[in-house]
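Here is how the chains run, residue by residue.
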Amino acid sequence: MTSLKKLLLGEQGLVVIFAIAFAIVAATVPNFLTERNMLGLLQSVVTIGIVACTMMFCLASRDFDLSVGSTVAFSGMIAVMASNATGSIVVGLIAALLCGGAVGLVNGVVIARFRINALITTLATMQIVRGLALIASDGRAVGINDPGFYQLALSKFLGIPTPIWVMAIFFVIFGFVLNRTVFGKNTLAIGGNPEASRLAGVNVSRMRIWIFALQGLVCAVAGVLLASRITSGQPNAATGLELSVISACVLGGVSLAGGRAAMTGVIVGVLIMGIAENVMNLLNIQAFYQYVVRGLILLLAVLLDNLRSAAAGRRG
Amino acid sequence: MQDFLEFKAISKGYPGVQALADVSFSVKKGAVHGLMGENGAGKSTLIRVLSGDQSADTGEISIDGSTQHYRSVRDAFDAGVIVIHQELQLVPELTVAENLWLGRFPGKAGVIDRSRLTNVVREKLSEIGIEIEPSAKVASLSIGERQMVEIAKAVMADARVIALDEPTSSLSSRESEILYSLIERLRSQGKVILYVSHRLDEIFRLCDSLTVLRDGKLAAHHADITAVTREQIISEMVGREISNIWGYRPREFGDVRLEVKEIAGSKLRTPMSFTLRQGEILGFFGLIGAGRSEMTRLVYGADSRSQGTVSVDGVQVTADSPPHAIRAGIVLCPEDRKLDGIVQGRNIEENMAISSRRHFSPFGILQPKKEAELAEQFIAKLRVRTPSRKQDIVNLSGGNQQKVILGRWLSEQGVKVLIIDEPTRGIDVGAKSEIYEILYELAAQGMAIVVISSELPEVMGITDRIVVMCQGRVAADIERDDFDERRILAAALPDVANASQLPNQQVQSR
């Protein structure tokens, strides 16, 4: 292998490609490398970034969650409605977390205990939860009464908006959980070989329930931040989020076959998705083309991944 | 007869390993040629080169006098070379006939000629003496029958060279018998058969000639197998004399360690009980499907119990799940290492620490240093052959994988009962002795050990007592002093009257 090939197909290949792409974009696209645009870019990937943290665990353990978009919308709705009704933002947040966690728990229990395929289960809950959000709001957006709620998304710390901090903190926490805890290692082991993990004493069904419950909780956090940013609970918010999140994970080298995941990869995947969209906006490319470009990026990422595992196979 | 298949100075290296170095030998037409060697000796690589899956760095293969230049499995197939791997390549949801025609269905304009499909296959099958209904779904066949279908596939494709990679490793003795007679027929049709096996009995029974590989080099080539002895082959394989590979040592037994009372489950209907003392090695013997593995899975809690109790040192295990069993001190090394034992894509260290790390990971946070120490300790203690503890477990040989799984359990605290299912399946002679040694040492320390094996010489060689199972029931419970091959085998057979018709190779010890 030539050294270039080695670099691109190696462990850090994605990071290298990302760095090159970033440098090219920064040099050629006007207004890209400004503080305002950078913050805007990061703001735009907060939802995807936060949800990708737990989606990574889901995929790494050979599972799949399609219900994340609906859960984000539903828990955002609940947060707004509960805080409007009680006048307390804290109650709204707790209600949102409970609802998100409950959706995840139901997913987990159905998948792990009743052994229903994750794709089917979450396809069902995706529609059920979206339906619940529409029923609860009668299909309309619910405005936020307490201006304090806006502050969740508007407030800044050290000049950087809170949601970006939340995303960054999630990246750190879940990166630690994946690499440095028994939970993370067991997730990867289950993805690598579920039956061997079970016989080695890993409580596989409990792990899977936990992973889905966590996914639900994290979706609730993302939902609350999203609702705060769009200043209302929208039953139709975050449609198609599940596909963007899974794309970001796959871009980041998370294997759909399970057993392989890295937080840095997922972060890069999320950023690539964000930059592509940001650049197209800056260049005034019509939104319709953006779908095509996003699809192409995903295809390229999967092809690259394929080349990479083939290269790894030869090395092994 | 002239040389039909020739390997000429084949070399093949992988980064860090010279898998094959200058291997040359030839096989005559109409011969069954054995290929033996320890795991890692280069057999698999040679087979891969032959199958076109990998190309040799240097050297060439010639068939019927013409040098082959194939670069893919497809090219090898066209040249008449077919390799039948341990993992069979059949589509379970298609019928036997459909599998045999796969890729070139007979018919016009995409419409399959169904009668031709089955009739041609039926003819072919009866020609080579395979009694399988062509319209049966492959999923409904036993592993042995599927193997027959694979061979039939090779015959259908007019293969001139058929290589079989450990074909009998998962077959019952009856199925093996059928396979042997099929191979005899293929030989009489002038095919060249390359037969990879760890079993000396079948090598002597089937093969005309034999090649032994060791460390990627040709260790010996015997053009006439009748001129060699078992001991000679074993020493050629390992490069040293092994007088007694069992190395059994008598031990003192302590109090009852494991007590299993009336356990049953969905796959083992008749309730079963047995006890096991400290320091005792108990063997379970039976034909495939006799319920041995099912029984141990119930004891370990891998499958749920419908009734019965398991107690360790007089304390009943509270629930039937692997975590409960492990906490009570019962551990299992599963029968199918690939499927149930190793976690693919993870390294040795992680595969070892997967269970025991909970003891030294406060709040679930890993301690990489301790895991590394633990891995190094057991790699050294169990003599796992690997360049590093960071090696992906998939890259290890079967024997070394088994040692890693043993290490997984030895690093647990307070293991009292070790259940080891087929401890040495697919493991070479040298590593076998090492694994037996480990078992003896553990037993001497007071551990109670359950060994399940389909190899009678092995169970007789290493255990203190044998429970023979037959059709889900205990058929006999025999102490070491009373071990008798015929008696054990007779108890294992569903129809005792068949005992007299046993194939001889079954009762020969090696």
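Remember, it's a predicted structure, so these values are computed and weren't measured experimentally.

### Comments concerning the interface of chain B and chain A
Each partner contributes residues to the interface: chain B has 27 residues there, and chain A has 22 residues. Among the elements of the structure, helix H10 (322-328), helix H11 (337-341) and helix H12 (348-356) of chain B are those that each provide at least two residues to the side of chain B that touches chain A. For the side of chain B that touches chain A, the class distribution of residues is 13 nonpolar, seven polar and seven charged.

### Quick word on the domain arrangement of chain B
All names here are of chain B. Partitioning chain B into domains gives domain 1 (3-238), domain 2 (255-329 + 414-489) and domain 3 (341-412). Taking only C-alpha atoms, the centre of domain 2 and the centre of domain 3 are 24 Å apart. Taken together, the contact between domain 2 and domain 3 spans eleven residues of the former and ten residues of the latter. If one sorts the elements of the side of domain 2 that touches domain 3 by residue count, helix H15 (residues 429-444) sits on top with four residues.

### Here's the deal with the sheet that holds strand S21 (residues 465-470) of chain B
Residues and elements named next belong to chain B. Read from one edge of the open sheet, six strands run S18-S19-S20-S15-S21-S22, paired in mixed fashion. Here the strands that pair on one side only, and so sit at the sheet edges, are strand S18 (330-333) and strand S22 (473-479). This sheet shows a mean twist of 20 degrees between the axes of neighbouring strands, independent of strand direction. With four bridges joining them, S18 and strand S19 (residues 417-421) adopt parallel strand pairing. Paired with Cys 333 across the strands is Ile 420, a residue of S19. The strands touched by helix H17 (residues 485-492) are strand S15 (281-285), S21 and S22; relative to S21, the strand with the most contacts, the crossing angle is about 30 degrees.

### Looking at the pairing of strand S13 (residues 256-265) of chain B
One face of the sheet, then the other: side chains in a regular strand alternate in exactly this way. All names here are of chain B. With six bridges joining them, S13 and strand S14 (residues 268-277) adopt antiparallel strand pairing. Its bridge partner being in S14, Gly 265 is matched across the sheet by Leu 268. In this structure, the hairpin formed by S13 and S14 is closed by a connection of two residues. For S13 and strand S16 (residues 305-312), the ladder comprises six bridges, and the chain directions are antiparallel. Bridging across to S16, Ala 264 finds its partner in Gln 307.

### Quick notes on the nonpolar core
Judged by nonpolar contacts, the single largest core of 175 residues is most densely connected at Val51(A), Ala52(A), Met56(A), Cys249(A) and Ile449(B). Residues lining this core come from more than one domain, with at least three contributed by each of domain 2 (255-329 + 414-489) and domain 3 (341-412) of chain B. Apart from residues no more than four positions distant in its own chain, Ile449(B) is found in contact with Ile281(B), Leu418(B), Ile420(B), Leu439(B), Leu442(B) and Ala443(B). In this structure, Ala31(B), Ile151(B), Val196(B) and Leu210(B) belong to the second largest nonpolar core, which totals 65 residues.

### Some details on the environment of Val384(B)
Residue and element names in this part refer to chain B. Examined against the element boundaries, Val 384 turns out to sit in the loop between helix H13 (368-381) and helix H14 (398-410). Given 24 C-beta atoms within 10 Å, Val 384 falls into the buried group. Considering only alpha carbons, one finds Val 384 and Lys 217, 167 residues apart in sequence, at a separation of 22 Å. When residues no more than four places from it in sequence are discounted, the contact partners of Val 384 are Ile 348, Ile 379, Asn 400, Lys 403 and Val 404.

### Some remarks on unusual backbone geometry
Of note, the phi angle at Asp138(A) is positive, near 55 degrees, even though the residue is not glycine. With respect to the helices, strands and loops of the structure, Asp138(A) is situated in the loop between helix H7 (118-137) and strand S1 (142-143). Phi at Glu262(B) takes a positive value of approximately 50 degrees, unusual for a residue other than glycine. Topologically, Glu262(B) is positioned in strand S13.

Conventions used here
- Residues numbered from 1 in each chain as written.
- Chains lettered and ligands numbered in written order.
- Predicted model: local features only at pLDDT ≥ 70, side-chain atom pairs only at ≥ 80, totals over all residues.
- Contact = placed C-beta atoms within 7 Å.
- Helix = DSSP H or I, 4+ residues; strand = E, 2+ residues; numbered from the N terminus.
- Nonpolar A, V, L, I, M, F, W, Y, C, P; charged D, E, K, R; others polar.
- Domains from an automatic or database assignment.
- Pairing = 2+ DSSP bridges.
- Axes fitted to C-alpha atoms, helices over the stretch in contact; angles between N-to-C directions.
- Core = buried A, V, L, I, M, F, W, Y, C linked by C-beta atoms within 7 Å.
- Buried ≥ 20, exposed ≤ 12 C-beta atoms within 10 Å, placed from the backbone.

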